[in-house]
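Listed below, chain by chain, are the residues.
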Amino acid sequence: MTSIRIDGRDCPTRTGINLLQACLEAGASLPYFCWHPELGSVGACRQCAIRQFSGPDDTKGRIVMACMTPVSENTIISIDDPEARDFRASIIEWMMVNHPHDCPVCEEGGECHLQDMTVMTGHDTRRYRFTKRTHRNQDLGPFVKHEMNRCIACYRCVRFYRDYAGGDDLAVFASHDNVYFGRAEDGTLQNAFSGNLVEICPTGVFTDKPFSATYARKWDMRGAPSVCVHCAVGCNTIVNAREETLRRVLNRYHEDINRYLLCDRGRFGHGFVNAPTRIRTPLRAIDGQQAAIPMTDALQAFARMAAGGRIVGIASPRAALETCFSLHALVGPQHFCTGQTRHEQECVELAHALLTRHPGALPTIHEMESADAVLVLGEDVCATAPRLGLSLRQSARQASFHTADDARVPRWMDAAVRTLGAQCPSGLYVLTPAPTDLDDVAAQTRRAAPDDIARLGFAIAHEIDPAAPAVTDLAADDARLAARIAHALVAAGKPLVVSGMQYGSPALMQAAASIATALARATPAAGLSLVLPECNSMGLAMMGGLSLETVMEQARAGAISVLVIVENDLTRHLPPADVAELLAAVPDIVVIDHTATPLCRQASLVLPASAFSECSGTLVSQEGRAQRFFQAVFPPAPIQAGWRWVQALARSLDPSAPHMTGLTVWRDLDDVLSALAQAFPHLAPAVRAAPGADYRMNGQKLRSQTYRASGRTVIRSFVNVRDQPPPRSPDTPFSSSMEGAYGPDMPAALVSGYQASPWNSVQALNRFQHEIGGPMRGGECGIRLLSRVGHSDAKPAYATDIPRPHLVQADTVLVLPDTRLFGSEELSMFSPSVMARATAPALGLPAGMAATGRMVLHLDDGPHMLPVEPVPGLPEGIALCPAHMVARAFRFPRMARLERMPDEGGRS
Amino acid sequence: MLDTLRTLFLTALHAFHRRATVQYPEQKPYLPPRYRGRIILSRDPDGAERCVACNLCAVACPVDCISLQKTEADGRWYPEYFRINFSRCIFCGFCEEACPTYAIQLTPDFEMGEYARPNLVYEKEDLLISGSGKYPGYSFYHVAGIPVPGKARGTSERERPPVDLHSLLP
Ligand code: SF4
Ligand code: SF4
Ligand code: SF4
Ligand code: SF4
Ligand code: FES
């Protein structure tokens, strides 16, 4: 702890940061543009000028850029110094010389960092009387809108897009004050994190395109803390709503997970909530036609279906813990299915078991950034856990940070560190069947079939710890590669092994765990991370249940009279023949879901559930972190949370029925959670993922609207001119109106948006953090259910079932799932912008095999005619087929026949 | 006694004063153009809707009786709906003051009585007039940077034509 003096006030601060950070942490309002906590300083904008004095006797001092000056003991600075003030005011005035008169028609207006800074410096009158420079805009695709006139040339966008996220299609062009930030030509931004430009750019150059179509000002929208539902990473988000529609998703800072950045799937995938595919009323199949019916009729219909027969419940890895648990309570443990096939379930349970047993570290996404050697074993993390992939990309820079430390260059001195690090080796090894987005920063990549990668993994484990089983007949260069990687991992202070279940291969995960276990013997910091497919896969694995195959058997035996399926599209798990068989064998299918999936069309009863923005619940991320999402939208009845529907079903049943203990008396989410804690003690900490509905700050609920939301007395006056009471929110500690407490010290899990006068943009986050880039003032957010077992001297148990090498076969190919960032995930593909971003499915073949334009692939559900594209480096005998896009249930590798197109075969 | 007589006298004297009562509605008083009465939405000199749906009037309104939703056509922002609940409006004129485009204006008309309260909820169709009201000649889009039909990029007031990115000339 050191101390600096700002305008005569002594402020405790810390070393290793720059003066701008120190000023902001001390609560001072110092304007800045080009510095960003995740990107560091380059001193490009000259906005953060302050006066620094060399000692108590120095009265003159000198103007310095706060962001480029490190904190040192007893630094004396002045922000209020008249010359520094003038300097800053003239910088803003200069930036404004070319700034268009756009605020009223600018999506950034009201949350614009440039507006805030302009007000902060006091520049209010335009003196410049000459003409303004203008620019043409580009069409940057379905996610990001471009309005170049508003640029102040802070360079944040390219520094993020190119240097941080590894994109290469956004750059700066032209010269002097004509500089242009865009693409070489119009076209969709290709990077998976392009949406962050919306928050990174301090002006309205890059704005959220889907949001612009249903635009509302920041002050007008209700906010709620939420959790992304589009993969198992569990990034924290803020959902914004107005007039009971979801308008946008923003990043919510979580120091251990997503920090300042979200992937595009998470930011733009929410479109399914307002899509035409939403189910808004109960539907009952009558003579093969589904007709809307009132809620009471639906519940009566269910009571008739269930009378006397057995109810079996199918949950879903994309449904909240509470919803799954309510179903569990309705049908009882013997009839509760996780909604996954045996294969999927085995993989998830294995991942859970491996993580619980792992003697080393279970790093968070943020901790992964500082891993100095990373092995990615058979998982395209950039598609299955995008935000994790971005962290691994940063890990490749560890060596350059160490070089910078040695050269005594502070790590936030971005340009210098990047120059120093240009020659530094990366510690990232990517062993996958197909190319990944991390290849460009990898020290080495290797393309091989999943089984061969697993063998390599076991060989690496054996290299590290000879007690691990050896791999026989490994090719010589594989053995060399294994030795090299083993050496790199052993030499590292913080090694990390990442794998997952993309290829449905237990061997891959076992191999990854073996390596991490072997490493942990000498390096307790050795980390293991396993990627799971869905937002609550881990939660469901911890709950357990039957597999879909077991339900199929029961159905075939005629033992099921009603199947209650909650938020699960079985057609994505089972091949069409199996789905048809299941539907034929069970008299009545009840589907509770928010979106009309193909399964819904075949159900006897469909009940409209609320989407993540319309209810509250808990999800468990792949790192075992239970996190709560909160309601921002109050949908009209009968749309209600999944667990409320299950409860309504229970209430409609004969009260003397044996199962469902307690289920019918739950009043709110807290009741569900306490019942869950009793039934599953190992899930009990999930109750504390966020404060309960009874939480009060200064005796008040928290407000979910801003202090100046407009239109309260008119917005519903076309329905009824009398004032309506604000909607009740029994499951959350939020009031749905403007009334309530709000402040930077509120619990981090309850931050519904960032605003702290005079900071109205997302940069107001600085005020909510204890330290910039560090913990939130409001403490931890979410709670980890997996804890580290700790080091033990017992001999580690290594998996011994090493797979046999992959053999190329003459008549069939091994079809691997090509999991796509846009296209393979279920819910985001109901979002119009993501649909527009997804590319058409194609069959990837090794460069040598991709001869003809189209080929026929014979999968379980029949032949598929697909255009072929060559995939460089793909091993022989392997084909890549987009997961879930060609055959809906195709997610795991299988052998399949591949044919030339019958009519094209002759010509080619 | 004297006081009582004096009061009677003064009261009687009033009968001969000039009358201040205006015989409304037969006789209409003069109201200056800046009188704060019924609110209207005006149009650009070229006849297009002036309101750009910036939401500033709504947030300035102390009784929160304005609401609207932005939509867009050919790059031009305008309100999809624009609603004022006049049963709440206090005719303070803050909305007019906040409006950056001179779209929303208060007029000297105050004859808005209704028997049913819902009739005081005015939609955009009820608010929109065909002229430019008190501020003739002003067109926001000719000052702002974004192009709209009829005004190409770089042709607003005090703007240079768009930069040619391929030129390296200073
Ligand atoms: S970028 Fe900010 S200052 Fe510029 S027009 Fe948009 S809101 Fe106004
Ligand atoms: S586009 Fe935005 S982030 Fe990029 S230089 Fe301009 S103002 Fe900065
Ligand atoms: S990485 Fe996953 S959790 Fe994070 S934003 Fe993307 S899809 Fe959502
Ligand atoms: S302030 Fe003016 S331009 Fe903005 S929404 Fe209101 S009427 Fe329209
Ligand atoms: S923030 Fe310091 S120079 Fe830009």
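Everything that follows concerns the structure shown earlier in this document.
Every value quoted in this text rests on a predicted model; they were computed, and no experiment measured them.

A. Here's a closer look at the overall build of chain B. Secondary structure assignment for chain B yields four helices and six strands. Moving toward the C terminus, one meets the helices and strands of chain B in the order α-β-α-β-β-α-β-β-α-β. Relative to its length of 170 residues, chain B is extended, with a C-alpha radius of gyration of 25 Å against a globular reference of 15 Å. Overall, chain B is about 100 × 40 × 30 Å in size when its C-alpha atoms are taken along their principal axes. Across the 170 residues that make up chain B, the buried fraction comes to 39%.

B. Layout of the site of ligand 3. Near ligand 3 the following residues occur: A:C228, A:H230, A:C231, A:V233, A:G234, A:C235, A:L262, A:C263, A:G266, A:P386 and A:R387. Partitioning the shell around ligand 3 into residue classes produces seven nonpolar, three polar and one charged.

C. Region of the structure containing the interface of chain B and chain A. With 49 residues of chain B at the contact, the number on the chain A side is 50 residues. Both sides of the chain B and chain A interface together cover about 3,900 Å² of buried area, and 51% of this is carbon and sulfur. On the chain B side of the interface with chain A, the three residues burying the most area are B:D64, B:R158 and B:R160, jointly 17% of the side's total. Counting every contact that joins chain B to chain A gives five salt bridges. The residue B:R88 makes a salt bridge to A:D723 at a minimum N-O spacing of 2.5 Å.

D. Focus on the packing of aromatic side chains. Residue and element names in this part refer to chain A. Within this structure, the stated rule accounts for 24 aromatic pairs over all chains. Note on Y128 and F130: the rings are 5.4 Å apart at their centroids and 70 degrees apart in plane angle, and the pair reads as edge-to-face. Seen from their ring centres, Y754 and F768 are 5.4 Å apart, and the 65 degrees between their planes marks the pair as edge-to-face. Here Y754, found in the loop between strand 29 (734-735) and strand 30 (783-784), pairs with F768, found in the loop between strand 29 and strand 30; they are 14 residues apart in sequence, far enough to count as distant. What makes Y754 buried here is its relative accessible area of 5%.

E. Region of the structure containing helix 15 (residues 414-421) of chain A. Residue and element names in this part refer to chain A. Among the residues of helix 15, those classed as buried are D414, V417 and G421. End-on view of helix 15: buried residues confined to an arc of 70 degrees, all on one side of the axis. Elements in contact with the buried residues of helix 15: helix 4 (156-164) and helix 14 (398-406).

F. Quick peek at the environment of A:K209. Residues and elements named next belong to chain A. Note that K209 resides in helix 6 (residues 209-213). For K209, a relative accessible area of 27% gives the class partly exposed. Between the alpha carbons of K209 and L140 there is a distance of 9.6 Å; along the sequence they are 69 residues apart. When sequence neighbours within four positions are dropped, the list of residues in contact with K209 reads D139, G141, P142, F143, V144 and K145. Here D139 takes part through its side chain, which lies 3.1 Å from a polar atom of the side chain of K209.

Parameters and conventions
Residues numbered from 1 in each chain as written. Chains lettered and ligands numbered in written order. Predicted model: local features only at pLDDT ≥ 70, side-chain atom pairs only at ≥ 80, totals over all residues. Heavy atoms only, no water. Helix = DSSP H or I, 4+ residues; strand = E, 2+ residues; numbered from the N terminus. Rg over C-alpha atoms; globule rule 2.2 N^0.38 Å. Buried < 20%, exposed > 50% of the residue type's maximum accessible area, 1.4 Å probe, protein only. Near = heavy atom within 4 Å. Nonpolar A, V, L, I, M, F, W, Y, C, P; charged D, E, K, R; others polar. Contact = heavy atoms within 4.5 Å. Buried area = accessible area lost by both parts, 1.4 Å probe. Salt bridge = Lys/Arg side-chain N within 4 Å of Asp/Glu carboxyl O. Phe/Tyr/Trp six-rings, centres within 6.5 Å; stacked < 30°, edge-to-face > 60°. Arc of directions from axis to C-beta. Polar contact = N/O pair within 3.5 Å; in protein donor to acceptor, adjacent residues only side chain to side chain.

Honestly, that's just the spatial picture; any functional story needs more than this.
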